[in-house]
Amino acid sequence: MRVRPGGGAGWRPPGRRGAAPHIPDDEPVVHMISCGHPPPLLLRRATGTVTVLQVSEPAPPLGLGAMSDDTYTAATFPFREGDRILLYTDGVTETRDGAGTFYPLAERLARWVDHAPGPLLKQITADLWAYAGGLLDDDVAMVIAQRGQAPAAA
């Protein structure tokens, strides 16, 4: 496996994961490789914004890597003090309401961008269950990474 420049000196993703972030301690960035998972979301508390971290050269989805040259290109995004990144599975965004409409994760996150990571995950989970009417048809997993100290709980 090879990683093209942009992913940090000597950095290699750990195995064939869906999304592999690398957050160096010495610079305010995150290097990201994506292998078929939904794009991570950057929550910037300072501006109250949610940004999709779309990797310009995604790798093939898991299990299809043998069909490529096994090279991963890491994209680099600003990741400042207080910023958070939400990694999630497609079970989150493919959850549907009673009318069949997909869950609008980024739109909903904008309401809660000031929440601390723990309460934010609880809020998303409760909202997702309510949106789906209490029935989820797929597995759901979410992880939040934050740079710096956690903000006060909202």
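Q: Just give me the short version of the nonpolar core, but keep the residues and values in it.
A: L86, Y103, L105, L109 and I124 are the most contacted members of the largest nonpolar core, which has 16 residues in total. The set of elements that each furnish at least two residues to this core consists of β4 (41–44), β8 (84–88), α2 (105–109), α3 (117–131) and β9 (142–146). Top contributing element to this core by residue count: α3, with 4 residues. Contact partners of L109, with chain neighbours within four places excluded, come to L41, L43, V50, L86, L120 and I124. Ranked by size, the runner-up nonpolar core spans 10 residues in total, among them L42, V55, F77 and L87.

Q: Pulling in residues and values, what's your account of α3?
A: Its 15 residues place the ends of α3 21 Å apart at the C-alpha level, agreeing with the 21 Å of an ideal helix rising 1.5 Å per residue. Contacts made by the buried residues of α3 are with β4, β8, α1 (90–93), α2 and β9. Remark: G133 follows α3 within two positions and exhibits a positive phi of approximately 70 degrees.

Q: Go over the pattern of salt bridges with me, naming the residues and quoting the values.
A: A full pass over the atoms with the stated rule returns 2 salt bridges. Between D83 and R44 there is a salt bridge, with the nearest N and O atoms lying 2.6 Å from each other. One end of the pair, D83, is in the loop between β7 (75–78) and β8; the other, R44, is in strand β4, with 39 residues separating them in the sequence. Residue R44 is classed as buried on the basis of its relative accessible area, which comes to 14%. The closest approach of N and O atoms between D127 and R108, which form a salt bridge, is 2.7 Å. You can see D127 sitting in helix α3 and its partner R108 sitting in helix α2, a full 19 residues away along the chain.

Q: Which residues make up the confidence of the model for the protein chain, and what values do they have?
A: On average, residues of the protein chain score 81 in pLDDT, and 75% of them are at 70 or above. Contacts from residues 1–17, a stretch scored under 50 in pLDDT, to residues over four places away or in other chains number 44 contacts.

Q: Before we move on, could you go through the packing of aromatic side chains and cite the residues and values that matter?
A: Using the criterion set out here, one finds 1 aromatic pair in the structure. Both rings, one in Y103 and one in Y131, keep their centres 5.2 Å apart while their planes meet at 80 degrees; by these two values the pair is edge-to-face. Placement of Y103 in the loop between α1 and α2 and of Y131 in helix α3 is noted, with a sequence separation of 28 residues between them. In terms of burial, Y103 and Y131 fall into one category: buried.

The rules behind the values
- Residues numbered from 1 in each chain as written.
- Predicted model: local features only at pLDDT ≥ 70, side-chain atom pairs only at ≥ 80, totals over all residues.
- Heavy atoms only, no water.
- Core = buried A, V, L, I, M, F, W, Y, C linked by side-chain atoms within 4.5 Å.
- Buried < 20%, exposed > 50% of the residue type's maximum accessible area, 1.4 Å probe, protein only.
- Helix = DSSP H or I, 4+ residues; strand = E, 2+ residues; numbered from the N terminus.
- Contact = heavy atoms within 4.5 Å.
- Expected span 1.5 Å × (residues − 1).
- Salt bridge = Lys/Arg side-chain N within 4 Å of Asp/Glu carboxyl O.
- pLDDT = per-residue confidence, 0-100.
- Phe/Tyr/Trp six-rings, centres within 6.5 Å; stacked < 30°, edge-to-face > 60°.

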